[in-house]
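Each chain, written out:
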Amino acid sequence: MTLDRDSFYLDGGWAAPASAQMLEVISPHTEEVIARVPEGTPADIDAAVAAARQAFDQGPWPRMSPAERIDVVAAFSGLYAARMGEMADLISAEMGSPTSFANLAQVPAPWMQIESFLAIAREFPWEAERPGALGAPVLVRHEPVGVVAAIPPWNVPQFTIMSKVVPALLAGCTVVVKPAPETPLDAYLMAELLDEAGVPAGVVNFVAGGRETGEHLVAHPGIDKVAFTGSTAAGRKIGAVCGEQLKRCSLELGGKSAAIVLDDADLAVTAEGVKFLGVMNSGQACVAQTRILAPRSRYEEVVEAIGSAIGSMVVGDPMDPASEIGPMVARRQQERVQGYIEIGQAEGARVVTGGTGMPAGLDRGWYVKPTVFADVDNRMRIAQEEIFGPVLSIIGYDGVEDAVRIANDSEYGLAGTVWTQDKEAGLAVARQIRTGTYGINTYTMDFAAPFGGFKASGLGREFGPEGLAQYTEAKSIYLESPPM
Ligand code: NAD
């Protein structure tokens with residue numbers, strides 16, 4: 001069966017692209033082309049925005065009741081649940097996510113997001129009367145923000161599309177999604193399922209393309225809000241355009257999260273946790289715990305535990321259920337990660353496991369060796385910059401205050417963890433870390449709670465009632481004249 005596509009999902013149907021330009025989807029494992037799909041151009045974006053604008057300004061969707069929209073999204077959820085295995089395979093094929101991770105986080109997690117947003121929407125104060133401060137009641141409404149541009153990255157494509165499209169739909173918005181050029185295939189399947197669920201024409205439109213296509217979408221006057229997940233560099237540019245045009249904007253950006261190992265930590269538990277959280281999705285995860293902060297008193301023990309956990313990981317074919325680490329998404333990403341491993345060596349860090357070159361037994365595919373550096377200083381580039389590959393840095397600290405200082409000494413503020421047998425001590429650390437999410441002996445994202453970044457990790461929040469509210473504008477209607 002071919003994975004090729006020749007159209008875009010626009011205005012409730014499959015429309016021919018404006019140009020003959022094609023994107024090649026290349027398997028990171030075999031380096032072979034697995035599909036060709038049309039590449040969106042500014043003309044395709046114009047058509048998608050026009051359809052979304054028409055559906056918002058004239059169509060039924062924003063005028064339906066929240067309960068009616070909930071029914072349509074619930075139908076989508078049921079259809080999605082039935083196709084999760086197929087969706088996971090598409091993502092593994094496109095970007096090389098190990099199938100074990102794809103069937104855990106790449107697809108079931110987005111489905112859980114839908115269910116969570118449905119529950120939140122059922123309780124959301126779409127229209128609520130308040131007594132008012134002047135003695136007369138006020139009606140506060142949450143109205144849809146308008147036409148939304150949803151721009152996801154390639155690393156967790158369904159996870160980051162769902163966190164935007166579902167709350168936007170529930171709020172009554174219409175959407176143009178621009179999938180990343182590396183991962184258009186999962187988005188095509190999602191479009192089919194939304195269509196089958198009965199989402200009206202023009203309410204969701206998909207045009208895959210690269211940076212220039214995204215820039216055209218962001219700057220388009222028909223867009224009211226941009227919801228972006230990707231690099232901090234692109235987020236700054238998008239935020240500047242939105243600021244100039246006073247568009248609503250939410251940005252989910254990069255991270256360099258720290259796992260603080262307290263001196264009472266059970267190192268077997270910690271090493272298992274860090275093995276998953278440090279290099280999940282082959283290290284291509286925004287919340288990856290890539291700085292490991294170890295107490296000087298147990299430094300070599302931590303290095304030994306984490307070095308052997310990472311050094312024993314199975315690297316290989318993403319479709320093999322035994323693989324724990326797959327290839328990098330693209331040759332440029334493989335080169336980037338290799339480059340950082342060289343930088344770490346040049347900066348004087350010690351390679352505990354891994355290093356440059358291909359992993360043993362592999363002679364093609366965009367693989368790197370999972371690598372752990374010890375003797376890292378937090379000011380080194382490998383400790384400050386987001387590598388986005390399976391590369392961990394172990395940094396020593398003197399006392400908990402020093403650990404908190406080092407964890408916060410980062411331009412990013414996305415996530416973090418603390419490992420300890422004393423929950424209160426863990427909570428005391430958690431309260432001092434300047435990040436949007438934090439875990440004590442765990443890091444499991446909960447879609448009922450807000451997720452997002454402090455500092456250069458972003459603006460705004462996804463998930464929870466906060467994530468739904470980002471797709472609304474609050475309007476106050478003064479119902480009567482207050483008594484004089
Ligand atoms: P990227 O910024 O290069 O691209 C992300 C998306 O934006 C792609 O669809 C791309 O085509 C588009 N794009 C790029 N520049 C644009 C511009 N100027 N205007 C409009 N669109 C533009 O990022 P990437 O390499 O695809 O993804 C990796 C990055 O994403 C990492 O930094 C990672 O930390 C971050 N990320 C963050 C989260 C989060 O929730 N905070 C989640 C996943 C990934």
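Residues numbered from 1 in each chain as written. Predicted model: local features only at pLDDT ≥ 70, side-chain atom pairs only at ≥ 80, totals over all residues. Heavy atoms only, no water.

## Comments concerning the overall build of the protein chain
Condition: Counting from the N terminus, the helices are the DSSP runs of H or I reaching at least four residues and the strands are the DSSP runs of E reaching at least two. With a 1.4 Å probe rolled over the protein chains alone, any residue whose accessible area is under 20% of its type maximum counts as buried; one over 50% counts as exposed, and the rest are partly exposed. Contact definition: two residues touch when any of their heavy atoms are within 4.5 Å. Methods summary: accessible areas were calculated by the Shrake-Rupley approach with a probe of 1.4 Å, and residue burial reflects only the protein chains presented. We score Asp and Glu as negative and Lys and Arg as positive, and we do not count His or the chain ends. We put the charge of a Lys on NZ, of an Arg on CZ, of an Asp on CG and of a Glu on CD.
Along the protein chain, the regular secondary structure elements total 16 helices and 22 strands. Each principal axis of the C-alpha atoms in the protein chain carries an extent, and together these give about 70 × 65 × 40 Å. Scored against the burial criterion, the 484 residues of the protein chain give a buried share of 58%. A separation of at least 24 residues holds for 73% of the contacts in the protein chain among residues at least 6 apart in sequence. Carbon and sulfur atoms make up 54% of the accessible area of the protein chain, which amounts to about 18,700 Å² in all. Of the charged side chains in the protein chain, 37 are positive and 60 negative, and the gap between their average positions amounts to 5 Å.

## Structural notes on helix H10 (residues 267-279)
Side chains of residues three or four places apart in an α-helix project in the same direction, reflecting 3.6 residues per turn. Stated precisely, the cut-off is as follows: Expected span of a helix, by definition, is 1.5 Å for each gap between consecutive residues, and there is one gap fewer than residues. Here a polar contact is taken to be a pair of N or O atoms separated by no more than 3.5 Å, where protein atoms must pair a possible hydrogen donor with a possible acceptor and residues adjacent in sequence count only if both atoms sit in side chains.
In this model H10 runs 17 Å from its N-terminal to its C-terminal C-alpha over 13 residues, within 8% of the 18 Å that 1.5 Å per residue would give. Within H10, burial applies to Leu267, Thr270, Ala271, Gly273, Val274, Lys275, Leu277, Gly278 and Val279. Check the buried side of H10 and you find it contacts strand E12 (257-261), strand E13 (289-295), helix H11 (299-311), strand E16 (391-397) and strand E18 (416-419). The distance from a side-chain oxygen at the start of H10 to the backbone nitrogen of Ala268 is 3.0 Å, and the residue carrying that oxygen is Asp266. Note on H10: the residue one or two positions beyond its end, Asn281, has a positive phi of about 55°.

## Things to note about the nonpolar core
As a reminder of what qualifies: Grouping buried Ala, Val, Leu, Ile, Met, Phe, Trp, Tyr and Cys residues that are joined through side-chain atoms within 4.5 Å yields what is termed a nonpolar core. The source of the domain bounds is an automatic or database domain assignment.
By size, the foremost hydrophobic cluster in this structure holds 124 residues, and its most contacted members are Phe76 and Ile306. The two domains that each donate at least three residues to this core are domain 1 (8-253 + 457-477) and domain 2 (257-447). In contact with Ile306, other than residues within four places in its own chain, are Ala271, Val274, Ile292, Val372, Leu392 and Ile394. By size, the runner-up hydrophobic cluster in this structure holds 26 residues, among which are Ile260, Met328, Phe373 and Met380.

## Topic: the site of the ligand
Stated precisely, the cut-off is as follows: Being near a molecule or strand, for a residue, comes down to having at least one heavy atom within 4 Å of it. Residues are sorted three ways: Asp, Glu, Lys and Arg are charged, Ala, Val, Leu, Ile, Met, Phe, Trp, Tyr, Cys and Pro are nonpolar, and all the rest, Gly among them, are polar.
Around the ligand there are 29 residues in total, and Pro152, Lys178, Ser231, Leu253 and Glu386 lie nearest to it. At a separation of 3.1 Å, an oxygen atom of the ligand approaches a polar side-chain atom of Trp154. Note that an oxygen atom of the ligand is positioned 2.6 Å from one of the side-chain N or O atoms of Glu386. About the coverage of the ligand: the protein hides 89% of its 850 Å² of free accessible area. Elements with a minimum of two residues in the shell around the ligand: helix H8 (211-219), strand E10 (225-229) and helix H9 (232-245). Taken together, the residues of the shell around the ligand break down into 16 nonpolar, eight polar and five charged. Two domains share the shell around the ligand, each providing at least three of its residues, namely domain 1 (8-253 + 457-477) and domain 2 (257-447).

## Brief notes about the domain arrangement of the protein chain
To be explicit about the condition: A quick way to say it: buried area is the sum, across both parts, of accessible area lost when two parts are put together, with a 1.4 Å probe. Any carboxyl oxygen of Asp or Glu within 4 Å of a side-chain nitrogen of Lys or Arg constitutes a salt bridge here.
What the domain assignment lists for the protein chain is domain 1 (8-253 + 457-477) and domain 2 (257-447). Between the C-alpha centres of domain 1 and domain 2 there is a distance of 30 Å. Of the residues lining the interface, 35 residues belong to domain 1; the matching set on domain 2 comes to 34 residues. Taking both partners together, domain 1 and domain 2 bury about 2,700 Å²; carbon and sulfur atoms supply 60% of that area. It is His29, Trp154 and Ser457 in domain 1 that bury the most area against domain 2; as a group they hold 24% of the surface buried on that side. Linking domain 1 to domain 2 there are three salt bridges. A salt bridge links Arg331 to Glu31; the nearest nitrogen and oxygen atoms lie 2.9 Å apart. At the surface where domain 1 touches domain 2, the tally comes to 15 residue pairs in polar contact (both at pLDDT 80 or more). Those elements that place two or more of their residues in the side of domain 1 that touches domain 2 are helix H3 (84-95), helix H4 (99-106), helix H5 (108-123) and H9. Along the lines of polarity and charge, the residues of the side of domain 1 that touches domain 2 split into 14 nonpolar, 15 polar and six charged.

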